[in-house]
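# Structural characterization, general
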Amino acid sequence: MSVVELLSDYTIQNVVAGAALLGLVSGVLGSFAVLRQQSLLGDTMSHAALPGVCLGFIIAGTRDIGSILLGALATGALAALVMLLLTRMSRLKTDAGLGITLSVFFAMGVVLLTHIQGMNNASQGGLDAFLFGQAAATLRSDLWIMGGITAVALALVAALWKEFKLVSFDPEFATSLGMPVAWLEVLLTVMVALAVVVGLQMVGVVLMAAMIIAPAVAARQWSRRLEDMVLLAALIGVVSGIFGALLSALSRGLATGPLIILSVSSVVLVSMTLAPERGFLWEAFRRMRARHRLRHQQVLTTLYRLAAHHADPIYRTEQGMLDTYHGLRTRAVLRQLERRGLAEWRDTPPDEPGPPRRWVLTPAGITEAERVLESLGRENA
Amino acid sequence: MSTTLHEPDLALHVEDLTVSYHSKPVLWDIDFDVPPGVMAAIIGPNGAGKSTLIKSVLGLVPAVAGHVTLHGRPYKAQRRRVGYVPQRSSVDWDFPTTALDVVTMGLYGRLGWLRRPGRRERDEAMAALELVGMADFARRQISQLSGGQQQRVFLARALVQKADVYFLDEPMAGVDATTERAIVDILRRLRDEGKTVIVVHHDLQTVRSYFDWLLILNVRVIAQGPVAEVYTADHLRQAYGGQIALLDQDTFLSEEAAAEAAVRAG
Amino acid sequence: MLTALLDNVALQIMLVGALVGIASTLVGTFLVLRGTSMLSDAIGHSIVFGIVIVWLITHQQSGPVQILGAALAGVLTVFLTELLVSTRRVKKDAAIGLVFPVLFSIGVLLLNLYARDVHIDTHTVLLGEIGFVWLDTVTLGGYRVPRSLLSMGAMTLLNGAFVVLFYKELKLATFDEALARALGLAPGLLFYGLLLLTSGTAVAAFDAVGAVLFVAFVIVPASTAFLLTDRLWLMFLYGIAVSIASSVSGYAVAVAWNVSIGGMMAVMTGVFLMLAFLAGPRYGLVAQLLRRRGQRRHNEIRTLAVHLYNHEGGPEQGEENVIRALGEHLRWDAAKAAQVVQRSSDQRLVVREGEALRLTSQGREMAREIFDPSGRRSS
């Protein structure tokens, strides 16, 4: 089946649109979560959405997406607040607070799920699909709700952009400016629940953690500013969402959620390797060049110091002596210095003992050595 | 709060301030006044409550008792007249933002809700970066700046606040000599313009040369006033207790080292 | 007796639940103390990957080799997480949240692909079926013993032996890793041993409680114990007690309400945690609030004493050491000021003379103590 054919399929259109919405909202909100070191809060909130899904179902009496998502939003946000309460008001650390809330809320969800199954309600079918998501069952009406939630989240981020940015970077300074920092932080945290709600249908509660974290981490590698990072995270989220959804449609039978997660995680891997400035490859390259330059400077300044010590600008230095001094073979480095016109391999006058040719600094070499020494001196000052 | 001015002649007036962290008091009944147009240092041993005093004045840490006025009015009414430089270590420098961005943040309070920084704000921020000698690094990601450069960016962020009273929390900690000189020069210039500068400082050796007003603190006020009157061995001993012997030795050693270096250089 | 046990389904289920809790608490206590609780979440999820892989290779789901094989997936998660953190591109929490979903996703996709061969459905993966543990039995010495009971019993013994054998090493490595390293104790290796056992426990507990509820058994009883005591051995004792109590009460409630037994057991651990959080003797919320109130009141009195002491005999005494100053200078409202003065005079620290406030010698002593606890200063 070609991509064009795929895209004209009604079900697949819905899945792709849903995955794109999820990528968009989780990329944007995840960026803040990751930067505020609340990466795993998304994991806790998504697991904690399960009892909400069940409560929404019980209260509405049917599989009404609106009340289910509302329930998920409520318990997800509640879990975040319980987690804050546990860690602020007791000696429990953040990790324990996250783990406790995650597992106990999820357990409540499991209990409610079995309770609903016991009610023998015909319409309960597929409720536990929220565990892994059920992308293929996405309806046009679900999309409208997911789109609405995404729009609300994006509008809030746009309206409070500079406040969110400052609170994420330097909450203390934000307080000194008179911003309501506590409220902004609660808002940022609870908004992650919005992303979770959008993700329930697509990837399910278990894999949401990666949807929050991965686009943000990938985008971080390429960007210097929060503006770039958030836009890029949204883009990465959307693209890998669509890619995963299409892959799932092509494969017929492979779950959509895991494929989306694997797509976005691959982007993380590629970004961490290749991104300029922060990528591993670039770092290795930079380190190699720095080592190279340092070696050049060291040999050059040694020649200069020896000349200065002997008060002889054309002091002739033996190759062997440089090797011993630096503890390594300097010949290759000296050859490169020679090519740069900084040093010369000159004949020793016949009346002097020792090897027949020695190294001498050129005038350009002296200037360069002085420049290096001066800049070193500045750094040490 | 009342609208009548309370001690309007003082840049900062702290009265009977008591602050506690987790119900353990860290500052006891602090009375502290700073006249306008001085450069004041707050010194004291570790755990003396120096940073807490600043934070409490700025409303970052709640007080158990006491009150604070800036130029005669409570802080909340004077926010626009205050500039603040937190400790450099208080933020994550791996945050994706540029030097220019950080400085622009100093203008967020003035901008108010829903308004974005525009060209004017960027120009102001650029001018502040120029003042601290960091104009060339405006577009640089902050994680790539050295400690001293980061500190200058923080200072520039306070400068754009165009304040009357500046609070700086250990701005000279862990910075290189060039940056320290640059910071002191800028602070002096501010003082000469009639602004008030209040600095939490850790280096006893430079107190006399940098500052003209001094508060010696150790949970309570040990002494305060013009540096020349307050910086005495007796007061320091009261604040630092046994540690002062070490400090004396330190001063002595470093003077000797300096002399030696001078001889070598000569 | 053994026959009675093996005939009693309820008892078997509770016993398996209790063993899951005990085995998990034995390792979980150290995870909680080290601040690495969320690793159990990561491990719980990624052993799904391990179990599927082991199934594809050996076509067996239980047995010691299978447990070990699947447990290696848990260790792999931790290893990959630490590798990511060591690049300094990602913080620890983000690294955890990146690695386990990948392994979990691969596990689920493999299940999709080989669903006909693998007899695990994704539902059990997350929830477990503790109610059915008695159906899957092996014959041992003439008795039909539930497989889960055997594997959980073995994991409990193994974890117990590890904790007992390396008790002081684990204790030192948890509370002072640097010292442990200096003494040549290889805290890193110990930690990986602990995580291998955690993973093994997760695999063994998988049939009973699934991947996510397992997290509750690892973290919650240990955290409850952490709220109740400062002593390590008592933490184990309390944690084990909570595990047993949760299993028994969880079973009872689940049967009464006809809901998931494993889920209810995990919920009960949460109930015990909430109890400890609210009513714990020392670190409980109520105890803390009461203590804080006492301290706050005491501090108010001390604040007043110090204030009076500071201005005593000075030129501003008439302005500062009066009732009015408590409002104007300390910014206390009239009611609070009156209360503090009342309590201070009850304790004979302050005497009120009309508007003026004067320290008694006791009160003066108190203020002096605050400023100069060692009594060095003579002034």
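Our subject is the structure that appears above.
Calculation criteria
- Residues numbered from 1 in each chain as written.
- Chains lettered and ligands numbered in written order.
- Predicted model: local features only at pLDDT ≥ 70, side-chain atom pairs only at ≥ 80, totals over all residues.
- Heavy atoms only, no water.
- Helix = DSSP H or I, 4+ residues; strand = E, 2+ residues; numbered from the N terminus.
- Rg over C-alpha atoms; globule rule 2.2 N^0.38 Å.
- Buried < 20%, exposed > 50% of the residue type's maximum accessible area, 1.4 Å probe, protein only.
- Contact = heavy atoms within 4.5 Å.
- Lys, Arg positive; Asp, Glu negative; His and termini not counted.
- Charge placed at Lys NZ, Arg CZ, Asp CG, Glu CD.
- Areas by Shrake-Rupley, 256 points an atom, 1.4 Å probe, with all protein chains shown as cover.
- Axes fitted to C-alpha atoms, helices over the stretch in contact; angles between N-to-C directions.
- Parallel < 35°, antiparallel > 145°, perpendicular 65-115°, else oblique.
- Left-handed = near helix turned anticlockwise from the far one by under 90°.
- Nonpolar A, V, L, I, M, F, W, Y, C, P; charged D, E, K, R; others polar.
- Buried area = accessible area lost by both parts, 1.4 Å probe.
- Salt bridge = Lys/Arg side-chain N within 4 Å of Asp/Glu carboxyl O.
- Polar contact = N/O pair within 3.5 Å; in protein donor to acceptor, adjacent residues only side chain to side chain.
- Arc of directions from axis to C-beta.
- 1 Å grid on protein atoms, 1.4 Å probe; cavity = no way out; pocket = protein on both sides within 12 Å on 5 of 7 lines; lining within 4 Å.
- Points joined across faces, edges and corners; volume = space filled by probe spheres on them.
- Pairing = 2+ DSSP bridges.
- Phe/Tyr/Trp six-rings, centres within 6.5 Å; stacked < 30°, edge-to-face > 60°.

## What to know about the overall build of chain C
Helix and strand counts for chain C come out as 17 helices and 4 strands. The C-alpha atoms of chain C give a radius of gyration of 29 Å, which is well past the 21 Å a tight globule of 379 residues would have. Taken along the three principal axes of its C-alpha coordinates, chain C extends 90 × 50 × 40 Å. Taken over 379 residues, chain C has a buried fraction of 55%. In chain C, once contacts between residues fewer than 6 apart in sequence are set aside, the share between residues at least 24 apart is 68%. The average position of the 30 basic charges and that of the 26 acidic charges among the side chains of chain C differ by 4 Å.

## Quick word on the overall build of chain B
Within chain B one finds 11 helices and 9 strands. Out of the 266 residues belonging to chain B, those deemed buried represent 57%. Of the roughly 11400 Å² that chain B leaves accessible, carbon and sulfur atoms contribute 50%.

## Things to note about the packing of helix α5 (residues 119-131) of chain B against helix α6 (residues 147-159) of chain B
Describing two packed helices takes the angle between their axes plus the distance from one axis to the other. Residue and element names in this part refer to chain B. Where α5 meets α6, the axes come as close as 9 Å, and the angle between the chain directions of the two elements is 130°. As summarised for this structure, α5 and α6 are arranged oblique, according to the angle between their axes. Seen along the crossing, α5 lies across α6 with a hand that is right-handed. Between α5 and α6, the contacting residues are A128, L129 and L131 on the first element and V153, A156 and L159 on the second. A per-class count over the contact of α5 with α6 returns 6 nonpolar, no polar and no charged.

## Comments concerning the interface of chain C and chain A
Counting residues at the interface gives 58 residues for chain C, matched by 56 residues for chain A. For the chain C and chain A pair, buried surface summed over both sides reaches about 4700 Å², with 75% attributable to carbon and sulfur atoms. At the surface where chain C touches chain A, the tally comes to 2 salt bridges. Taking the shortest distance from any N to any O, the salt bridge between R91 of chain A and D230 of chain C comes out at 2.8 Å. Across the chain C-chain A interface, the total number found is 13 residue pairs in polar contact (both at pLDDT 80 or more). For the side of chain C that touches chain A, the elements supplying multiple residues, two or more each, are α2 (9-34), α3 (38-58), α5 (92-113), α6 (122-127), α10 (187-228), α12 (261-279) and α13 (285-311) of chain C. When residues of the side of chain C that touches chain A are assigned to their parent elements, the largest contribution, 15 residues, is made by α5 of chain C.

## So, helix α17 (residues 361-371) of chain C
Those residues of α17 of chain C not exposed but buried are G363, M366, A367, I370 and F371 of chain C. With its buried residues spanning 135° around the axis, α17 of chain C presents them on a single face. The inward-facing, buried residues of α17 of chain C abut β2 (24-34) and β9 (220-226) of chain B together with α13 and β4 (356-359) of chain C.

## Some thoughts on the layout of surface pockets
Residues and elements named next belong to chain A. The computed volume of the largest pocket comes to approximately 980 Å³. Lining the largest pocket are 34 residues; nearest its centre among them are R36, Q37, Q38, R88 and T94. Ranked by residues supplied to the lining of the largest pocket, first place goes to helix α5 (residues 65-88) with 5 residues.

## Details of the pairing of strand β3 (residues 39-43) of chain B
Residue and element names in this part refer to chain B. Along β3, 5 of the 5 residues are buried, which leaves the element largely enclosed by surrounding structure. Covered by surrounding structure in β3 are M39, A41 and I43 together with A40 and I42, the residues of both alternating faces. As defined by bridge partners, β3 adjoins strand β7 (residues 196-200) across 4 bridges and the pair is classed as parallel. Looking at β7, one finds that A41 is bridged to V199. Across 4 bridges, the pairing between β3 and strand β8 (residues 213-218) is parallel. Residue pairing across strands places A41 opposite L214, the latter belonging to β8.

## Regarding the packing of α3 of chain C against helix α4 (residues 64-86) of chain C
All names here are of chain C. At their nearest, the axes of α3 and α4 sit 7 Å apart, and the two run at 135° to each other. Relative to α4, the element α3 lies oblique. When you trace α3 past α4, the crossing you get is right-handed. Here L39, A42, I43, S46, I47, F49, G50, I51, V54 and T58 of α3 lie close against α4, whose contacting residues are Q66, G69, A70, A73, G74, L76, T77 and V78. For the contact of α3 with α4, the class distribution of residues is 11 nonpolar, 7 polar and no charged.

## Focus on the pairing of strand β2 (residues 143-146) of chain C
Residues and elements named next belong to chain C. As paired strands, strand β1 (residues 137-140) and β2 are joined by 4 bridges and run antiparallel to one another. For V138, the partnering residue across the bridge sits in β2 and is V145. If you look at the hairpin formed by β1 and β2, you'll find 2 residues sitting between the two strands, and G141 has a positive phi there, around 60°.

## Remarks on the interface of chain B and chain C
A common way to express how large an interface is: the accessible area buried when the components associate. Every contact between the two is made by 17 residues of chain B and, on the other side, 20 residues of chain C. Buried area between chain B and chain C, summed over both chains or domains, comes out near 1700 Å², and the portion from carbon and sulfur atoms is 49%. On inspection of chain B and its partner chain C, the count reaches 1 salt bridge. Between K91 of chain C and D92 of chain B there is a salt bridge, with the nearest N and O atoms lying 3.0 Å from each other. Viewed at the interface, chain C and chain B are joined by 12 residue pairs in polar contact (both at pLDDT 80 or more). Those elements that place two or more of their residues in the side of chain B that touches chain C are β1 (12-21), β2 and β4 (65-70) of chain B. The element that contributes the greatest number of residues to the side of chain B that touches chain C is β2 of chain B, accounting for 5 residues.

## Things to note about the packing of aromatic side chains
Residue and element names in this part refer to chain A. Evaluated as defined, the whole model comprises 10 aromatic pairs over all chains. Their ring planes at 75° and their centres at 5.9 Å tell us that F32 and W161 sit as a pair that is edge-to-face. Highlighted residues: F32 in helix α2 (residues 10-35) and W161 in helix α8 (residues 161-169), separated in sequence by 129 residues. Here the two residues F32 and W161 agree in accessibility, since each one is buried.

## Things to note about the sheet that holds β4 of chain B
Residue and element names in this part refer to chain B. Strand order in this open sheet of 3 strands is β2-β1-β4, and the pairing throughout is antiparallel. Edge positions in the open sheet fall to β2 and β4, since each of these has one partner strand only. The mean inter-strand angle of the sheet, taken between neighbouring strand axes irrespective of direction, is 25°. Direction of pairing for β1 relative to β2: antiparallel, over a ladder of 7 bridges. Note that in β2 the partner of L17 across the bridge is I30.

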